[in-house]
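# Breakdown of the fold
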Amino acid sequence: MIVIADDITGAAEMAGIAHSHGFPVRLVCGCGTATNGTTVIATDTRSMTEEEAVAETQRIASSLPKQGGVGGGSLFKKTDSALRGHVVAELSALMEATGYQRTVYLPANPSKGRVIRAGTYYINNTPIHETAFSYDPEFPATTSVLKERFPDAESKGILMPDAENTADIRKVIADYDDGHTLFAGAADLFEATIGTIGTIDTIGTIAPKSTLFLCGSTQSQPLDLGIPVTAMPLDIYDGSKDILPWLKEAERLYTQQGSLMITIPHRHRTGKEVAIHLRETTARLIQYLVEKQQSQQLIIEGGASAFATLRHLGWNELEVVSQLAPGVIKTKAPNGTFVIMKPGSYPWGSLF
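Note that this is a predicted model, so its numbers are computed, not measured.

### Considering unusual backbone geometry
A positive phi is found at D44, a non-glycine position, where the angle reads about 65 degrees. On the secondary structure map, D44 appears in the loop between β3 (38–42) and α2 (50–61). A relative accessible area of 10% means that D44 is categorised as buried. Positive phi outside glycine occurs at N124, with the angle close to 50 degrees. Owing to a relative accessible area of 54%, N124 belongs among the exposed residues under this scheme.

Okay, structure coming up:
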């Protein structure tokens, strides 16, 4: 099976699900080919412009066999469960490149309170445009009605069915699994396409010792782990000051304490340029600290931040170790560092 995901934490989530079902899994960044098992490709197209996202989707899809070779559920497109990303443009490009005749787009995640009812998307019974996702810097939710959010989807052969529970998802699969339909959506849909609910490794909590922790998502919630915290200074957030003084202060804390949490406490700026500035700045900081003192464990919250950080570190392929919780995946980098990633909008559960 091949999975194409538009961000790294979504890719890691898919890899964790496949791993929990006993499949050998490769998690790669930006490129990859099919293997005996599951290959999950993280494209980071959610952080690109629409034109760039289409070009990257076409580039990756061009290396895949045509629909006759990858039909019957062996290709899956992972999309955000909060409707972010260049959804219609990427799915259209993927269908054209692979030969699928239509796409079932089902971003609902009923297991996490995210459902589609009468064409409207709800998170814990609240329309998505009334949640914090309305403040997303790149893809703000201005409506909860799917046909308004993606007005050209149906004309391009992209179906958007309702789903309020697992039974609804399984029925959608049964109705459309004809070998000519591409399935695209969130974790619950992928789970249903490969089998019953997988197991989660019962390894206890994540130890905060010898850990570098990046809270890189606008959806991040405060965590008190008893380790030092360095917050991005306001003048660096605003782009008016060089990062070097913060690098040195973070290095001092990390060297003295052995663990460090990096946060972005400010929220008053929005837009793609701001998002790029924040993830590139924190990625530079992580790269600097890892190169100065190899971390035993790197925890990253937020898909765009995780992809930028891995790119700066040159870690293009990760070994999937375990699924710690839904969406929280433990991997191993080429240098031996354990990398744990989580989507910013998912809870940590009881791991801390």
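### Overview of the packing of helix α10 (residues 272–292) against helix α11 (residues 303–313)
Direction vectors running N to C along α10 and α11 enclose 45 degrees, while the axes themselves pass 8 Å from each other. Compared by their axis directions, α10 and α11 come out oblique. The element α10 and its partner α11 pack so that their crossing is right-handed. Packed against α10, whose contacting residues are R279, E280, A283, R284, I286, Q287 and V290, the element α11 presents A304, S305, A308, T309, R311, H312 and L313 at the interface. Of the residues contributing to the contact of α10 with α11, the split by class is 6 nonpolar, 4 polar and 4 charged.

### Brief notes about helix α6 (residues 166–176)
For α6, every residue scored as buried is listed here: I169, V172 and I173. On an axial view of α6, the arc spanned by its buried residues comes to 95 degrees, and they lie on one face. More than 90 degrees from the buried face of α6, the exposed residues found are A167, K171 and A174. For α6, the elements touching its buried residues are β5 (102–106), β10 (181–185) and α7 (187–194). Capping the start of α6 is the job of one residue whose side-chain oxygen sits 3.2 Å from the backbone nitrogen of A167: N165.

### Focus on empty space enclosed by the protein
Applying the stated criterion across every chain yields a total of 1 cavity of 30 Å³ or more. Of the pockets and cavities examined, the largest cavity occupies roughly 30 Å³. What lines the largest cavity is D6, K77, T79, R84, G85, H86, V87, E90 and L91. By residue number, the principal contributor to the lining of the largest cavity is helix α4 (residues 87–98), which donates 3 residues. Its residues assigned to classes, the lining of the largest cavity shows 2 nonpolar, 3 polar and 4 charged.

### Overview of the packing of aromatic side chains
Aromatic rings in a pair are described by how distant their centres are and how their planes are angled relative to each other. For the coordinates displayed, the defined rule picks out 2 aromatic pairs. Ring geometry for F76 versus F190: centroids 5.1 Å apart, planes at 55 degrees, classification tilted. Highlighted residues: F76 in strand β4 (residues 75–78) and F190 in helix α7, separated in sequence by 114 residues. Across this residue pair, the class does not change: F76 and F190 are buried. On the basis of an interplanar angle of 85 degrees and a centroid distance of 5.6 Å, the ring pair of Y105 and F150 is categorised as edge-to-face. Note that Y105 is positioned in strand β5 and F150 in the loop between α5 (146–149) and β9 (158–159), a separation of 45 residues in sequence. One cation-aromatic arrangement involves R117 over Y122; the distance from NZ or CZ to the ring centre is 4.7 Å. Its guanidinium or amino end placed over the ring of F338, K330 lies 4.4 Å from that ring's centre, counting from NZ or CZ.

Calculation rules
Residues numbered from 1 in each chain as written. Predicted model: local features only at pLDDT ≥ 70, side-chain atom pairs only at ≥ 80, totals over all residues. Heavy atoms only, no water. Helix = DSSP H or I, 4+ residues; strand = E, 2+ residues; numbered from the N terminus. Buried < 20%, exposed > 50% of the residue type's maximum accessible area, 1.4 Å probe, protein only. Axes fitted to C-alpha atoms, helices over the stretch in contact; angles between N-to-C directions. Parallel < 35°, antiparallel > 145°, perpendicular 65-115°, else oblique. Left-handed = near helix turned anticlockwise from the far one by under 90°. Contact = heavy atoms within 4.5 Å. Nonpolar A, V, L, I, M, F, W, Y, C, P; charged D, E, K, R; others polar. Arc of directions from axis to C-beta. Polar contact = N/O pair within 3.5 Å; in protein donor to acceptor, adjacent residues only side chain to side chain. 1 Å grid on protein atoms, 1.4 Å probe; cavity = no way out; pocket = protein on both sides within 12 Å on 5 of 7 lines; lining within 4 Å. Points joined across faces, edges and corners; volume = space filled by probe spheres on them. Phe/Tyr/Trp six-rings, centres within 6.5 Å; stacked < 30°, edge-to-face > 60°. Lys NZ or Arg CZ within 6 Å of the ring centre and 35° of its normal.

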